[in-house]
Structure formats: structure tokens, C-alpha cells
Amino acid sequence: MIKILFVCHGNICRSPIAEYVMKDLVQKHHLESDFEIASAATSTEEIGNPVYPPARDELRRHGIGCSGHHARQVTKADYDYYDYLIVMDRMNVRNLNRIIGSDPQGKVSKLRSFAGIAGDIEDPWYTGAFDEVYDQILEGCRALLVQLYPNCEL
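Just so we're clear, the structure is a prediction, and the values are computed from it rather than from any experiment.

### Describing the packing of aromatic side chains
Counting across every chain of the model gives five aromatic pairs. Judged by centre distance (6.0 Å) and plane angle (35°), the rings of Tyr52 and Phe130 are tilted. Highlighted residues: Tyr52 in the loop between strand E2 (35–41) and helix H2 (53–61) and Phe130 in helix H6 (residues 130–148), separated in sequence by 78 residues. Since its relative accessible area comes to 26%, Tyr52 is described here as partly exposed.

In C-alpha cells, the structure reads:
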């Protein structure tokens, strides 16, 4: 089983969008039994909160639900449990490393890197660009799935 944890600052916008987009892609390819997918925050600011309404609305526009989500903070134990800890931006990398200590197994990556892009996925909490963030996350998740399952047709 491949275990993926998507991580962002508050776990109410980018990382839950990534979690539910990836779950949707996996389901459409009938690979649910091969994956465990979740998301978490580097901060404690939004713990317990649901997906932020504009992020939820963007997922809904694409036919993806996210009910039952409650923000949680990543833990040091998550590093041992998950195979991939996938962050959205360079600040997430820095803050995640403060929590987990170091990344000796190379599990931490930025999502866009799977699509060959070095850039960050900017926080839509500040930019309001939930549609752009969705598109960037979808691109990264598709690339990740193809990396894990090269014969996947997307």
C-alpha cells in the first residue's frame, strides 16, 4: 500500500484539495486498495476546522466532495508512517522539517516537482486564486499517479 500525506500550512485549502483530488484520481482508476491518502497542517491555527468554503466550492465544481474533513497537524510519527509527505511550498518544507527533524529517507517533496516544475503552489487563502490552485494540484497529482503507475492513462 502506498501512503501519501499532503501537507500545507493550515490543512483547510491546498492540502485537502490535494487529498481529495488524489483520492478521486485513484478511485477513477480503481486503485483505492493500493493507496492511503490523507492531509495535515504544519500549524495549529485551523485544527479541527473543515475545508475552507472557497476550497470546498472549487472541489464541488469538479464533482469532488470533501465532507468529514477536519484539519489536523502533522506529527513526527507521520514521517515513519507515510511513504510520501508532499508539501505545497518552500515554507511548508521548512515548517515540516521543524516538526519531523530531518528527511533521511527523502520522503518530502513539493507537489509541483512531480510535474517537473520547481515552483510553489501559492496559498489561495491570500491570493483568492482557488481555480489556479486546483489546476496546479491536479497537474501535480496526475504526474504523481503516473510516476507510481506508469501505465495509467490520464
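### Concerning the packing of H2 against H6
The packing of two helices is summarised by the inter-axis angle and the distance between the axes. At a minimum axis separation of 10 Å, H2 and H6 run at an interaxial angle of 60°. On the basis of their axis angle, the class for H2 and H6 is oblique. Taken as a pair, H2 and H6 cross one another with a handedness that is right-handed. In this structure, H2 uses Pro54, Ala55, Glu58 and Leu59 to contact H6, whose residues at the interface are Phe130, Asp131 and Tyr134. Grouping the amino acids of the contact of H2 with H6 by side-chain chemistry returns five nonpolar, no polar and two charged.

### As for the environment of Pro50
By the secondary structure assignment, Pro50 is in the loop between E2 and H2. For the pair Pro50 and Ala71, spaced 21 residues apart in the sequence, the C-alpha separation amounts to 6.3 Å. Residue contacts for Pro50: discarding those within four places in its chain leaves Ile12 and His69.

### Considerations on the pairing of strand E1 (residues 2–8)
When you tally the buried positions in E1, you get seven out of seven residues, the bulk of the element. Of the two faces of E1, the one holding Ile2, Ile4, Phe6 and Cys8 and the one holding Lys3, Leu5 and Val7 are both buried throughout. For E1 and E2, the ladder comprises seven bridges, and the chain directions are parallel. Residue Ile2 lies in a different strand from E2, and its bridge partner there is Phe35.

The rules we used
- Residues numbered from 1 in each chain as written.
- Predicted model: local features only at pLDDT ≥ 70, side-chain atom pairs only at ≥ 80, totals over all residues.
- Heavy atoms only, no water.
- Phe/Tyr/Trp six-rings, centres within 6.5 Å; stacked < 30°, edge-to-face > 60°.
- Helix = DSSP H or I, 4+ residues; strand = E, 2+ residues; numbered from the N terminus.
- Buried < 20%, exposed > 50% of the residue type's maximum accessible area, 1.4 Å probe, protein only.
- Axes fitted to C-alpha atoms, helices over the stretch in contact; angles between N-to-C directions.
- Parallel < 35°, antiparallel > 145°, perpendicular 65-115°, else oblique.
- Left-handed = near helix turned anticlockwise from the far one by under 90°.
- Contact = heavy atoms within 4.5 Å.
- Nonpolar A, V, L, I, M, F, W, Y, C, P; charged D, E, K, R; others polar.
- Pairing = 2+ DSSP bridges.

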